[in-house]
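# Geometric and topological summary
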Amino acid sequence: MKLFAQWLFQWKKPLMSLLNIDGSVTHYKLAAQCIGHRGDVRSVYAIPDSLDFATSSRDTTAILWAPFEQEQMKRTFLGHGKFVGAVMYLPSSPFFMDLPCIVTASNDHSVIVWNPTTQEPLLTLLGHTDSVVCLSHVNGLIVSGSWDNTARVWQGPECIMILKGHSHSVWAVLGLPTGEILTGSADSTIKRWKDGQCTQTLSKHTNCVRGLAHVPEIGFVSCSNDCVNFLWSYDGRNMPYKRKAQSFAKNIIKKTKGIETS
């Protein structure tokens, strides 16, 4: 069965609601649907300054979409041996041939960096010993998190740091404007890393931390299997925002004016 990604926009009759930081709610309805994946869609990444977005799927592929063009499926990225759990857009970086890239992470333990124009793989990053399930970037470097309990930092084909300290799988990674890295884990903690060293452990959640998102000028937000979202300052202080979900949240993103969980 073909599965699809849905693109939503603001409207009066909602299919989805967005909670703003000030407590107000913005409603959205379906604007387009993109059909093409042959397995469930595992992640979605919006391309900055564009209406395009990328998805990854259990069908072992990632797809770059243009939802409002006649040919919605712009590129398909084939190369992983198992399902693709995460996809990310990497802006031009001197460590990755000065090209904007699509990056994918898979249950085959690898990360692949793709040329989004030719669909060709530029680099395959190997080193994780279990499924790679999350991606981020910081200062032009790629950050990957894995069920092997570690995160890795990549400068081109080279792994320059292995972030070890979690006792269970790493489900979320986030690069901060400060150059620091955050990791969220099934051990219920969030760890802050600088130059490969853990400088802080945040233990507010009571279950697996599934997602982290940057909130400019404030800090970051986290979601968890404990059904709670927390807002944090850059220095790790818990801010006066707490969102209780009806069921556990698997991912969280920072929108222009609000926070969205799924």
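How each quantity is defined
Residues numbered from 1 in each chain as written. Predicted model: local features only at pLDDT ≥ 70, side-chain atom pairs only at ≥ 80, totals over all residues. Heavy atoms only, no water. Helix = DSSP H or I, 4+ residues; strand = E, 2+ residues; numbered from the N terminus. Contact = heavy atoms within 4.5 Å. Areas by Shrake-Rupley, 256 points an atom, 1.4 Å probe, with all protein chains shown as cover. Salt bridge = Lys/Arg side-chain N within 4 Å of Asp/Glu carboxyl O. Buried < 20%, exposed > 50% of the residue type's maximum accessible area, 1.4 Å probe, protein only. pLDDT = per-residue confidence, 0-100. Polar contact = N/O pair within 3.5 Å; in protein donor to acceptor, adjacent residues only side chain to side chain. Pairing = 2+ DSSP bridges. Axes fitted to C-alpha atoms, helices over the stretch in contact; angles between N-to-C directions. Phe/Tyr/Trp six-rings, centres within 6.5 Å; stacked < 30°, edge-to-face > 60°. Lys NZ or Arg CZ within 6 Å of the ring centre and 35° of its normal.

Okay, the overall build of the protein chain next. Along the protein chain, the regular secondary structure elements total zero helices and 25 strands. Pairs at least 24 residues apart make up 38% of the contacts formed inside the protein chain by residues separated by at least 6 positions. Accessible surface computed for the protein chain: about 12700 Å², of which carbon and sulfur atoms make up 50%.

We now examine the pattern of salt bridges. Following the criterion strictly, the structure yields five salt bridges and no others. One salt bridge connects Asp 40 with Arg 58, and the closest N-O pair in it is separated by 2.8 Å. Of this pair, Asp 40 sits in the loop between strand E3 (25-37) and strand E4 (41-46) while Arg 58 sits in the loop between strand E5 (53-57) and strand E6 (61-65); the two residues are 18 residues apart in sequence, bridging distant segments of the chain. Residue Asp 52 pairs with Lys 74 through a salt bridge whose shortest N-O separation is 2.7 Å. Of the two residues, Asp 52 sits in the loop between E4 and E5 while Lys 74 sits in strand E7 (residues 73-78), which places them 22 residues apart along the sequence. Owing to a relative accessible area of 13%, Asp 52 belongs among the buried residues under this scheme. A relative accessible area of 30% places Lys 74 in the partly exposed class. Via salt bridges that share partners, Asp 40, Arg 42 and Arg 58 belong to a single interconnected network.

The predicted model of the protein chain averages 87 in pLDDT, with 83% of residues at 70 or higher. Note on residues 1-14: pLDDT under 50 across the span, and 53 contacts to partners over four residues away in sequence or across chains. Segment residues 252-262 is flagged for pLDDT under 50; beyond a separation of four residues in sequence, or across chains, it makes 42 contacts in the model.

Moving on to the environment of Arg 152. Mapping Arg 152 onto the fold places it in strand E14 (residues 150-155). Relative accessible area serves as the criterion here: at 14%, Arg 152 is assigned to the buried category. Residues Arg 152 and Gly 127 lie 25 residues apart in sequence; the distance between their C-alpha atoms is 8.4 Å. Not counting chain neighbours up to four residues away, the residues in contact with Arg 152 comprise Gly 127, His 128, Ile 142, Val 143, Ser 144, Cys 159, Met 161 and Ile 162. A polar atom in the side chain of Arg 152 sits 3.1 Å from the backbone oxygen of Gly 127.

This part is about the sheet that holds strand E10 (residues 111-114). Here we have four strands laid out as an open sheet, ordered E8-E9-E10-E11, and antiparallel in their pairing. Edge positions in the sheet fall to strand E8 (84-90) and strand E11 (121-125), since each of these pairs with one other strand and no more. Strand-to-strand, the axes of this sheet are offset by a mean angle of 20°, without reference to chain direction. Inspection of the sheet shows E8 paired to strand E9 (residues 101-106) by six bridges, in the antiparallel sense. Bridge pairing in E9 links Val 84 to Ser 106.

This brings us to unusual backbone geometry. Positive phi outside glycine occurs at Asp 49, with the angle close to 55°. Structurally, the position occupied by Asp 49 is in the loop between E4 and E5. Positioned with a positive phi, Asn 139 is a non-glycine residue whose angle comes to about 50°. Its place among the elements puts Asn 139 in the loop between strand E12 (132-138) and strand E13 (141-146).

Moving on to the packing of aromatic side chains. Under the defined criterion, the tally for this structure stands at five aromatic pairs. Here Phe 53 and Trp 65 contribute two aromatic rings whose centre-to-centre distance is 6.4 Å and whose plane-to-plane angle is 20°, an arrangement assigned as stacked. With Phe 53 in strand E5 and Trp 65 in strand E6, this residue pair connects regions lying 12 residues apart in the sequence. Taken individually, Phe 53 and Trp 65 each receive the classification buried, so the pair is uniform in this respect. One aromatic cluster is present, built from ring pairs that chain together Phe 220, Phe 230 and Trp 232. The ring of Phe 83 carries Arg 58 above its face, with NZ or CZ at 4.5 Å from the centroid. Over the ring of Trp 171 we find Arg 210; its NZ or CZ atom is 4.3 Å from the centre of that ring.

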